[in-house]
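Inside the fold
One-letter residues, chain by chain:
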Amino acid sequence: MERLAGVYDFSVHSPLSAHRFLLRASLAAANVFAWILLFDAFVSSSQSLVGALGVTAIVYAGAALSTLLLTPIAGTMMRNGIKRTMTIAIVSYVLALDILAAVFLTQGSWDYIFVSLVAFAFCMGAYRAFYFVPYSLAAEEEPHPSWFSLEMLLALVPAGAGLILVSSTQGYLVLFAMAGILALFSLLPISSIPDIYERYAWQYSVPFRALVSRQHRKLFTACVCDGIHGAGLLFVWPITALLLLSWSYFLLGVVLSVTFIAAICLREALQHLHARHPRSLALISVSSWVVRFSAFSPVTIALADVMYYSSAPKDAHGIDMIAGEHPTDGGLYIDEMTALKEMALALGRITLAIIVIVCATFATLDIALMLSLALAALAAIVSHYAPRSERVI
């Protein structure tokens, strides 16, 4: 389990850690809220909760499909250096926020909205495809600790984001602008990190064949389950929580911040518990899903997430709770294997999105959300007991 260092020491400051801090602050403000706001916009235009969920899932699947198709290209581009590839990723993320803000702000035709949402999904997928493979290489060359004080500061960002959203009718413009500026500022430290020119060997079609080959079957199964599980936690569950909180963005932000602060504080204590009782964390993590299915108030929503995030080892599922994203496991898979894992994660997200779309088409909203979360819970259990050693190839 990840151990947090104490008070931030600027004497050991690294450009990569500064970049990651700024980018995570941006993601903590906008990443999860972007999908919730998109769902809210579809509800307003269609007056159908279940229909809005299905359309939002289509856009989410489009972003994951873009990641799947672009990851081999990102791997090839690392021959020209990882700094260029990471820069493309950050610019794509900022463009995605700009496009989404433009969709909310303007009242264009359906053709304009359709093209804009396709562009949004493409840019969000491009961010994932072009960022995590080179970032894994950079993190391998320059390990950087997570500092307790900075993690606590980042944990407060969702509450601030929720406050911004309810401060005015166009609070989303302020939120996306601030998130975009932070992301652009995160480019400055990238210029100071050593550039790495990776000899990525695979042609475009090779990783698609390798992904379904017998040799990589265990990797494929475990990572697809990780993707399903991550999409459940970071896409379906926030929408569910917003509905349980009566559409209060501020309350959702506060619940997220309280959750993150409590999880950060409890993580160290639970690590010692795990040392004495190895199965204790798995029991707490599984129990969090039971609480999640019975959640009905801010307290129970926070309790479910605190139980999960404080007990689930970061290297087990790779979920960054504060940034609201599912990165490639730091440093475990480099080069071609990093790309392969990223593609399998994307397939997992697409799988859950398809389940959401089918359920939204033929069932009620409650059934769609419950079945999606049940599948995510099942995938989490399968992933938890998957042999992690088999993944390192």
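Residues numbered from 1 in each chain as written. Predicted model: local features only at pLDDT ≥ 70, side-chain atom pairs only at ≥ 80, totals over all residues. Heavy atoms only, no water.

Moving on, we come to a nonpolar patch on the surface. Side chains of Leu-65, Leu-69, Ile-73 and Tyr-204 sit close together on the surface and give an oily, nonpolar patch of about 320 Å² of accessible area. Tracing the chain through its elements places Leu-69 in helix H2 (residues 49-77). (Patch = residues over 30% accessible without salt bridge, like charges linked within 9 Å, V, L, I, M, F, W, Y side chains within 5 Å. Areas by Shrake-Rupley, 256 points an atom, 1.4 Å probe, with all protein chains shown as cover. Salt bridge = Lys/Arg side-chain N within 4 Å of Asp/Glu carboxyl O. Helix = DSSP H or I, 4+ residues; strand = E, 2+ residues; numbered from the N terminus.)

Closest axis-to-axis distance for the H2/helix H10 (residues 217-244) pair is 13 Å, and the angle between their directions is 155 degrees. Between H2 and H10, the interaxial angle falls into the category roughly antiparallel. Every pair of crossing elements has a handedness; the one defined by H2 and H10 is right-handed. In this structure, H2 contributes Leu-49, Leu-53, Thr-56, Ala-57 and Tyr-60 to the contact, and H10 contributes Ala-231, Phe-235, Ile-239 and Leu-243. Its residues assigned to classes, the contact of H2 with H10 comprises eight nonpolar, one polar and no charged. (Axes fitted to C-alpha atoms, helices over the stretch in contact; angles between N-to-C directions. Parallel < 35°, antiparallel > 145°, perpendicular 65-115°, else oblique. Left-handed = near helix turned anticlockwise from the far one by under 90°. Contact = heavy atoms within 4.5 Å. Nonpolar A, V, L, I, M, F, W, Y, C, P; charged D, E, K, R; others polar.)

A complete count under the given rule lists zero disulfides for this structure. Cysteine Cys-225 shares no disulfide, and the gap to the nearest cysteine sulfur, in Cys-223, comes to 9.3 Å. Here Cys-225 falls in the buried class, since its relative accessible area comes to 12%. (Disulfide = S-S within 2.5 Å. Buried < 20%, exposed > 50% of the residue type's maximum accessible area, 1.4 Å probe, protein only.)

Within the fold, Phe-33 resides in helix H1 (residues 15-46). Look at Phe-33 and you get buried, because its relative accessible area is 1%. As a C-alpha pair, Phe-33 and Pro-158 span 125 residues in sequence and 8.8 Å in three-dimensional space. With residues near it in sequence (within four places) discarded, Phe-33 still touches Pro-158, Ala-161, Gly-162, Leu-165, Leu-175, Tyr-249, Leu-252 and Gly-253.

In the structure shown here, the tally under the stated rule is four salt bridges. For Glu-151, the salt bridge is made with Arg-24, and the minimal N-O distance between the two is 2.6 Å. Here Glu-151, found in helix H5 (residues 148-155), pairs with Arg-24, found in helix H1; they are 127 residues apart in sequence, far enough to count as distant. Given a relative accessible area of 7%, Glu-151 falls into the buried group.

Okay, the packing of aromatic side chains next. Scanning the entire structure with this criterion turns up 14 aromatic pairs. Ring geometry for Trp-35 against Tyr-60: centres 5.1 Å apart, planes inclined by 75 degrees, an arrangement best described as edge-to-face. Linking Trp-35 in helix H1 with Tyr-60 in helix H2, this pair joins segments that are 25 residues apart in sequence. The exposure class of Trp-35 is buried, given its relative accessible area of 7%. Centroid distance Tyr-204 to Phe-208: 5.4 Å. Interplanar angle 50 degrees. Geometry classified as tilted. In this structure Phe-208 comes out as partly exposed when scored by relative accessible area, which is 25%. Every member of this aromatic cluster is reached through a ring pair, and the members are Tyr-93, Tyr-127, Tyr-131, Phe-132 and Tyr-135. The ring of Tyr-135 has Arg-20 lying over it, and the distance from NZ or CZ to the ring centre is 5.2 Å. (Phe/Tyr/Trp six-rings, centres within 6.5 Å; stacked < 30°, edge-to-face > 60°. Lys NZ or Arg CZ within 6 Å of the ring centre and 35° of its normal.)

Position of Leu-153 relative to the elements: it lies in helix H5. Residues Leu-153 and Ala-25 lie 128 residues apart in sequence; the distance between their C-alpha atoms is 9.0 Å.

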